[in-house]
Structure formats: C-alpha cells, structure tokens
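Okay, here's what each chain looks like letter by letter:
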Amino acid sequence: MEEKQTIKEPLYDPNQIGSELLISEITGKSFSAGAVEFPDWFESRKRAHTFKLNRIPFSELINWHFDSETGNLCHASGKFFSIDGIHVTTNYGNRSTWTQPIINQPEIGILGIITKKINGVMHFLMQAKMEPGNINMIQLAPTLQATRSNFTRVHQGKAPTYLEYFIDPPVRTKKVVDVLQSEQGARFLRKRNRNIIIYIEDDIPVYDDFIWLTLGQIRQVMRQDNIVNMDARTVLSGLNYGTRSLPGAEIAYIINALRESWLQEEKSSLSHFHQDLLESTLNTDRCLHTIDEIIAWFTEQKFRYELDVRHIPLNEVTNWEHTEYDIHHEEDKYFKVIACSVEAQVREVPSWTQPLVESLEPGIIGMLIKKINGIYHFLIQAKVEPGCVDIVEMAPTVQAITGSYKDAPKEFWPPFLEQITSADKDRIRYDTLQSEEGGRFFREENRNIIVEIDQDQELEIPDNYIWMTMNQIKEFIKYNNFVNVQARCLISCLGFI
C-alpha cells in the first residue's frame, strides 16, 4: 500500500475559519491583555523611535556599486536586489517596444502574519514597522516582512523578530493562507513573495512594536490614508470567508450582528454597500460567469498577448539618463532611481545605504462595481506588465500613473478612467491614498477608489475585461500569479462594517 504523505503543518479547517474570520470582522475592539486604543498605541510607537533618511549621491552608497561591464547597480554580496535593464516587446497597449530600468530581486521573501483566538475572537499580530520609503516612516505591517537576504542575515545584523514561527515553529501551527504572490509588474522583474498567515494556540511574547488587532480594527485603519502598508494588505487579501454553506447558526449570528451595525448606518449609502458586499463575498449562485468560463477567458488573454522581456545591461537602456544623484527618463516621466542613507535603531542593522525607486507622480487604482443578477460584480481587466511571471494578471478596472494620461486626448486614456475620476460622491464606496512598498519605493502613493455604477447602466466592455464577484476574486487569490498586487491590496481594504 502506498504511504500517504503527512503534512507537517495542517490547513485550518476551511469550514470553520470562514465564520471565525467574519466574527473578527465585526469586532471593533481588541480583547488582548492590556489592550489599548490603536491610535494611542501607534502614536506611541512613532514617538519611541528616531529615524533619519537623506538622499545621497550614488558615490556615497556603501556596499553598492555600478558594475564596470553592465552598468547594473548591485550589492557587494550579490544578494538583496539589483537595478538592471530590460528590453520589452509586446502587442499589448499603445507601445510595442521600449527599454527601462527594473528591480531584479529573484529571491522569494516572506510576508507573514500570526493569528490566534483571544477570548474566542481571531486576532492578528501586526507591527509598527519602519521602511525607508514609507510616507510618515512607520506603517502597520505584517508580523514578519523580510527578504531572504534579511532572514539569512546577509547584512550580519539581527534576525527578524518572530522569524522562527514561519521557518521552524517552536509551537504547533495551522496555515490559514500560504501562497506565492507577485509584486508590482512594472517595477520588479518576476518578483514573488510568500504570503502566509499561520494560526497558533499557544501564548507568545508580544514585543513593544507589535499589537494584537481584530480584522474589524484593521479594516477601520484601512479607511485612513497611508497607515496600513502594502505588505499587510496583500497578505490579508488572501483570507477566504467560504460560502453560504458555513454552519447555519454561526452565519445567522454574524448576519444579525452585522445588521445591528448596518441599522446604525441606515442614513448612509454605505449601509447597503456593506450588506451587498457580504453577499458578493459569500454567494456562489448568481455569478454572471462560472469559474470555468473565467479560466477560459484568462487563458485566451494569455494566448492573445505577446510579451518578450529580454534582460539587458543597465548601460544599454535607451532614453534614460544617469546623473550623480539619479537615473531618470529623458522626458522626466515614470520614475527615478535614487540613493538614500538610512538610520533606524529598530531595524536589524541600525544604519545602511540603498537605492530606492521614486515615482514622479501619484497613480490611480480604481474598480468599477455594479449589481448583476442582484449581486455585486467587480470589473476586472487582464493586464500585461513586463515583470509578470506569466504574461498577464487580473488587475483593477483602472491602474495607471497620472502622467500616462493627464496631457493626452481622452481617446488615449485607459478604459473607464473617466467613469472613475468623474464619479459623483454618492457613487464612491471607498476612496483613500495608500502607499506602495517602502523597502524599495520612495514615498509612493496611489489613490485607491471603488465606484458603483447603476445596475441598468450598460458599458462597452473590451475583450480583456470581465465581471467577477468578490467570491470569485477570492477564489483566484488562493492560487499563484492570477490576481496582481494592486487588485489584491484594493479589495483587502473592504470590510462589512
């Protein structure tokens, strides 16, 4: 008889986790020992640390150099990341070929969150983390956020806190989420991170920069600009709430608790939005397309679009200029590569220098939603980006930097941009500024916005767009390289209260 393989760390029972996550969603306060209000705790962490960041010329980078043959900007260890060049040829979009700098970071990092029940409610261990490119320096981050170079201590500094719980756990754990997910395809070359959430039952130490929060508390913070970092948002997007097949008594309790919250909001259009969002998250019966039809559509997009990305030396990239202080496009568009010095006593090493990528303009990440068959559907596009692992990924309705359209005639605007940017206030269901990853990007933020259109409004939908429910989007997030980081981070901000 063939021996059955034993899984070292079992998955959390999917029939149980959905209802427990929803209970955490409707819980707006923490039950952890010594719990404090999040704003007070967050401000105390800002006051507790001093950080310094200065722009410097490339010549002052320590342990970084431009390779004499390729011109690539590399670390002396050969680890961390490098700034290389690529030559792109594609039949997607308005430009068929170009060259550009790109971040080459082939190693897979860990973005991990520890969760446990406290007084019967799921809590998530989050940290106030400094990253050099963060707006306001400190943002709410996962329990662990580390590249392989960080956690193998190439920098000869300390190991990241709580690393052992994800590598060789000292206590029994169950996996709630465990998937490889992509990073920004326009800036990274085929970059992926392990997004993982583990459940523990044992008590563990909680250090000064860490805090137990419920999902309800985290969603509240996500309504504010630039507080929850990109890495936390992408990991939390992987949470799956199951379907209406959840145990009847538990789902009835959850909906009754939510109804009390909705009644308090009944004067607001968001009350009905939250109710309908829950339905779109749990319902599998009234979808415009089946999962098989979506897979067939996505396969067709991969077949239709061509993407040839050739790795080239940075010194062969055209239309980009290299100065003492930056590498920039000759038309001052897109982004710059800059150098910075950093001082941060709370990091694994107290000071260092590194390159960062600076966006020249904010961007917009927007989603159109409408009711189809009485249930919310989200308009998703198949988007090609040069750093994609497999040609295309599912992306928001609109994903663009403002410089790509602000001076162009409207016929060259991205599809549906005008519907999102000119939406009436009463049609906007979510609207905040959210930061990109601060370890590689310098103070980059994008407007994240969700706009509901009337269910009777007919749109001309290009072939590379499709309507999907939230339940279907969540289903594809369970797998590698389907839903891009911008879409994941946007929908992770949506809660039910």
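Reading guide: rules and limits
- Residues numbered from 1 in each chain as written.
- Predicted model: local features only at pLDDT ≥ 70, side-chain atom pairs only at ≥ 80, totals over all residues.
- Heavy atoms only, no water.
- Core = buried A, V, L, I, M, F, W, Y, C linked by side-chain atoms within 4.5 Å.
- Buried < 20%, exposed > 50% of the residue type's maximum accessible area, 1.4 Å probe, protein only.
- Contact = heavy atoms within 4.5 Å.
- Helix = DSSP H or I, 4+ residues; strand = E, 2+ residues; numbered from the N terminus.
- Axes fitted to C-alpha atoms, helices over the stretch in contact; angles between N-to-C directions.
- Parallel < 35°, antiparallel > 145°, perpendicular 65-115°, else oblique.
- Left-handed = near helix turned anticlockwise from the far one by under 90°.
- Phe/Tyr/Trp six-rings, centres within 6.5 Å; stacked < 30°, edge-to-face > 60°.
- Lys NZ or Arg CZ within 6 Å of the ring centre and 35° of its normal.
- pLDDT = per-residue confidence, 0-100.
- Pairing = 2+ DSSP bridges.
- Salt bridge = Lys/Arg side-chain N within 4 Å of Asp/Glu carboxyl O.

Draft legend 1. Representation of the nonpolar core within the structure. Among the nonpolar cores identified, the biggest contains 78 residues, and F124, L239 and M394 are the most heavily contacted of them. The residues touching M394, leaving out its near neighbours within four places in the chain, are I294, W297, F298, I380, Q381, M468, F476, F482, V483, N484 and A487. In terms of nonpolar packing, the next biggest core, distinct from the first, is built from 20 residues, W64, F80, F188 and F335 among them.

Draft legend 2. Quick peek at the side chain of Q127. Here Q127 is to be found in strand 7 (residues 121-130). By relative accessible area, which is 9% here, Q127 ends up buried.

Draft legend 3. Summary view of the environment of I83. Relative to the helices and strands, I83 is located in strand 4 (residues 82-90). Looking at I83, the relative accessible area reads 2%, which means it is buried. Excluding residues within four positions of it along the chain, I83 makes contact with N72, L73, P101, I102, I103, L314 and V337.

Draft legend 4. Structural detail: unusual backbone geometry. Positive phi is not limited to glycine here, since N119 has a value of about 50 degrees. Its location among the elements puts N119 in the loop between strand 6 (109-118) and strand 7. Accessibility expressed as a relative area gives 64% for N119, which makes it exposed. In this model, D332 sits at a positive phi of 50 degrees, which is unusual for a non-glycine residue. Relative to the helices and strands, D332 resides in the loop between strand 15 (326-329) and strand 16 (335-344).

Draft legend 5. Fine view of the packing of helix 9 (residues 291-304) against helix 11 (residues 470-477). In contact at an axis separation of 11 Å, helix 9 and helix 11 are set at 60 degrees when each is read in the N-to-C sense. When the axis of helix 9 is compared with that of helix 11, the two are oblique. Classified by chirality, the crossing of helix 11 by helix 9 is right-handed. Along its contact with helix 9, which presents I291, I294 and I295, the element helix 11 presents Q472, E475 and F476.

Draft legend 6. The packing of aromatic side chains, seen in detail. Scanning the entire structure with this criterion turns up 17 aromatic pairs. Residues W41 and F42 carry aromatic rings whose centres are separated by 6.4 Å and whose planes lie at 35 degrees to one another, so their mutual orientation is tilted. The exposure classification of W41 matches that of F42, with both residues buried. Both rings, one in W64 and one in F81, keep their centres 4.9 Å apart while their planes meet at 50 degrees; by these two values the pair is tilted. With W64 in strand 2 (residues 64-66) and F81 in the loop between strand 3 (73-75) and strand 4, the pair connects residues that are 17 residues apart, well separated along the chain. Of the two residues examined, W64 and F81, each falls in the buried class. Seen from the ring of W413, K410 lies directly overhead, with NZ or CZ sitting 5.6 Å from the centre.

Draft legend 7. How the structure looks around the confidence of the model for the chain. When the pLDDT values of the chain are averaged, the result is 90; 90% of them are 70 or greater. With pLDDT under 50 throughout, residues 265-269 is counted as low confidence; its partners more than four residues away or in other chains account for seven contacts.

Draft legend 8. Just the pairing of strand 7, in detail. In terms of burial, strand 7 is largely enclosed, as ten of its ten residues are buried. The alternating pattern of strand 7 places V121, H123, L125, Q127 and K129 and M122, F124, M126, A128 and M130 on opposite faces, both of which are buried. Relative to strand 7, strand 6 runs antiparallel, the two sharing five bridges. Each bridged residue has a counterpart across the sheet, and for T115 the counterpart in strand 7 is F124. Connecting strand 6 to the antiparallel partner strand 7 that follows it, the hairpin turn spans two residues, and N119 within it adopts a positive phi of roughly 50 degrees. Inspection of the sheet shows strand 7 paired to strand 12 (residues 210-213) by four bridges, in the antiparallel sense.

Draft legend 9. Local environment of the environment of Q181. Along the chain, Q181 turns up in strand 10 (residues 173-182). Q181 sits in the buried class, given a relative accessible area of 3%. Remark: the alpha-carbon pair of Q181 and N480, spanning 299 residues in sequence, is separated by 5.7 Å. Ignoring anything within four residues of it in the chain, the contact list for Q181 reads K191, R192, N193, N195, I477, Y479, N481, V483 and R488.

Draft legend 10. Broad picture of the pattern of salt bridges. If you walk through the whole model with that rule in mind, you get 20 salt bridges. In this structure, D454 and R427 form a salt bridge, with 3.7 Å as the shortest nitrogen-oxygen distance. On the criterion of sequence distance, the pair formed by D454 in the loop between strand 23 (445-452) and strand 24 (465-468) and R427 in the loop between helix 10 (417-421) and strand 22 (428-435) is long-range, its members being 27 residues apart. Relative accessible area serves as the criterion here: at 31%, D454 is assigned to the partly exposed category. Residues participating in the shared-partner salt-bridge network are K175, D178 and R194.

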